[in-house]
Amino acid sequence: MTRSDAVLSPACSPATSDGIEDPRPVVTATRRITHRADGIAAADRMVPEETPIALSYGGTTHAVMMASPADFEDFALGFSITEGIVAAADEIESVEVQDLGAGIDIQIRLRDSANRRFEARRRRLAGPVGCGLCGIESIEEAMRSVDEVDASQLRLTPDDVTRAVRLLSGLQPMHRQTGAVHAAGFYLPGKGVVMAREDVGRHNALDKLAGALSREGISGQGGAVVVTSRVSVEMVQKTAAIGAPFIIAVSAPTALAIRTAEAAGMTLIALVRGDDFDIFTHPDRVVTGGARHVA
């Protein structure tokens, strides 16, 4: 089968291509053979693009992610925040997006104080590579403690929970075209889902959301992160870095994610199906009546 043509998603329009003059398509039309009860036929289907995206600091690549080629600056900022490389957007001096053909290189320049911290962290993690891990420091990094979010006084009603998921489903143009990407959104009581990002990777979507919120100056304390994926420990860690006291998901959590959310004072809600959902941690934040109190 051959690729017939590519189309640009609104998320990757020239106005939001983050410095790339010729934005890459985020979805592509491809030919397929459909096998159905009533026969076999050739047809087109839209599929998402994914490309290697390098996140480089001071000219050195720190991580390479397979991601949707859109919202690069949000990705750079959000990844830097959720991975603890910077505490706030003003610790980043510049972001330059370079299309290398085989992939995208996002060059991130940190301000002096943040760069010194990051270089010290790099030296701490440097070491011989054994069976795929960079020594005990890398295990400790994966299991890093998360910011506590229990200071937030935000309360949500059951209607808030189900409405957040319902509203996010309407803000997924790539998913409507392909059925193959994740989304992360931010729900504010009384306002709805005020920001959403999509990506082939669930972590990437959440990083892009974190960057978008930071760029718009929206505090995580007053709302809930809503995701279309399962809840792994990394999703809880990144939500805590955003400062949100809620994570709401359509799929199930892992046991480690539950323990981490409990320790962070975060309310973890999952398996949202219509009006049904399960609360795994800190259920007192979900109220069935009375006034809601925002942080």
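Whatever comes next refers back to the structure up there.
Residues numbered from 1 in each chain as written. Predicted model: local features only at pLDDT ≥ 70, side-chain atom pairs only at ≥ 80, totals over all residues. Heavy atoms only, no water.

Colleague: Describe the sheet that holds strand S5 (residues 60–67), and please don't skip the residues or the numbers.
Modeller: Strand order across the open sheet formed by 4 strands is S5-S4-S7-S6, with mixed pairing between neighbours. The sheet is open, and its two borders are formed by S5 and strand S6 (92–99), each paired with just one other strand. Pairs of neighbouring strands in the sheet enclose a mean axial angle of 20 degrees, with direction left out of account. Bridge count for strand S4 (residues 51–57) against strand S7 (residues 104–110) is 5 bridges, and the pairing is parallel. Pairing of Ala54 across the sheet is with Asp105, part of S7. Of the strands in this sheet, S4, S5, S6 and S7 touch helix H1 (residues 72–82), which is tilted by about 55 degrees from S4. (Pairing = 2+ DSSP bridges. Helix = DSSP H or I, 4+ residues; strand = E, 2+ residues; numbered from the N terminus. Axes fitted to C-alpha atoms, helices over the stretch in contact; angles between N-to-C directions. Contact = heavy atoms within 4.5 Å.)

Colleague: Please set out the pairing of strand S8 (residues 182–188) residue by residue, giving values where relevant.
Modeller: Along a regular strand, successive side chains alternate from one face of the sheet to the other. Burial within S8 is extensive, with 6 of its 7 residues counted as buried. Pairing geometry for S8 and strand S9 (residues 192–199), over 7 bridges, is antiparallel. Residue Ala183 lies in a different strand from S9, and its bridge partner there is Glu198. Linking two consecutive strands that pair antiparallel, namely S8 and S9, is a turn of 3 residues; a positive phi of about 85 degrees is found at Gly190 within it. Looking at chain direction, S8 and strand S10 (residues 224–227) are connected through 4 bridges and run antiparallel. Opposite Gly185, over in S10, you have Val226 as the bridge partner. (Buried < 20%, exposed > 50% of the residue type's maximum accessible area, 1.4 Å probe, protein only.)

Colleague: Run through the packing of H1 against helix H6 (residues 202–216), naming residues and quoting values.
Modeller: Each packed pair of helices is defined by two parameters, the angle between the axes and the distance between the axes. For the pair H1 and H6, interaxial distance at closest approach is 6 Å and the crossing angle is 95 degrees. When the interaxial angle is binned, H1 and H6 end up roughly perpendicular. Residue-level inspection shows Glu73, Asp74, Phe75, Leu77, Gly78, Phe79, Ile81 and Thr82 of H1 in contact with H6, the latter providing Asn204, Asp207, Lys208, Ala210, Gly211, Ala212, Ser214 and Arg215. Of the residues assigned to the contact of H1 with H6, the class counts are 6 nonpolar, 5 polar and 5 charged. (Parallel < 35°, antiparallel > 145°, perpendicular 65-115°, else oblique. Nonpolar A, V, L, I, M, F, W, Y, C, P; charged D, E, K, R; others polar.)

Colleague: Help me get a handle on the pattern of salt bridges, residues and values and all.
Modeller: Scanning all chains against the criterion turns up 11 salt bridges. The shortest N-O distance in the salt bridge between Arg197 and Asp71 comes to 3.7 Å. Here the residue Arg197 occupies a position in strand S9, and Asp71 occupies one in the loop between S5 and H1, the gap between them amounting to 126 residues. For the salt bridge of Lys238 with Glu83, the shortest nitrogen-to-oxygen distance reads 2.7 Å. Of the two residues, Lys238 sits in helix H7 (residues 233–242) while Glu83 sits in the loop between H1 and S6, which places them 155 residues apart along the sequence. Here the two residues Lys238 and Glu83 agree in accessibility, since each one is buried. (Salt bridge = Lys/Arg side-chain N within 4 Å of Asp/Glu carboxyl O.)

Colleague: How would you sum up the nonpolar core? Please name residues and give values.
Modeller: A general tendency of soluble globular proteins is for nonpolar side chains to be buried together. In terms of nonpolar packing, the biggest core is built from 28 residues, with Val225, Val231, Ile247 and Leu268 touching the most fellow members. Breaking this core down by element, the ones donating at least two residues are S8, H6, S10, H7, strand S11 (246–249), helix H8 (255–264) and strand S12 (267–273). Ranked by the residues each element gives to this core, the list is headed by H6, at 6 residues. Setting aside chain neighbours within four positions, we find Val231 in contact with Val236, Ile247, Ala249, Ala252, Pro253, Thr254, Ala257 and Leu268. Within the second largest apolar cluster, 22 residues are counted, among which are Tyr57, Phe72, Ile108 and Leu110. (Core = buried A, V, L, I, M, F, W, Y, C linked by side-chain atoms within 4.5 Å.)

Colleague: Summarise the packing of aromatic side chains; cite the residues concerned and give the values.
Modeller: Scanning all chains against the criterion turns up 1 aromatic pair. A centroid spacing of 4.9 Å and a plane angle of 55 degrees characterise the contact between Tyr57 and Phe118, whose relative ring orientation is tilted. Separated by 61 residues along the polypeptide, Tyr57 in strand S4 and Phe118 in helix H2 (residues 112–125) bring together distant segments of the chain. Sitting above the plane of the Phe75 ring, Lys208 keeps its charged end 5.6 Å from the centroid. (Phe/Tyr/Trp six-rings, centres within 6.5 Å; stacked < 30°, edge-to-face > 60°. Lys NZ or Arg CZ within 6 Å of the ring centre and 35° of its normal.)

Everything listed here is a matter of geometry and, on its own, says nothing about what the molecule does.
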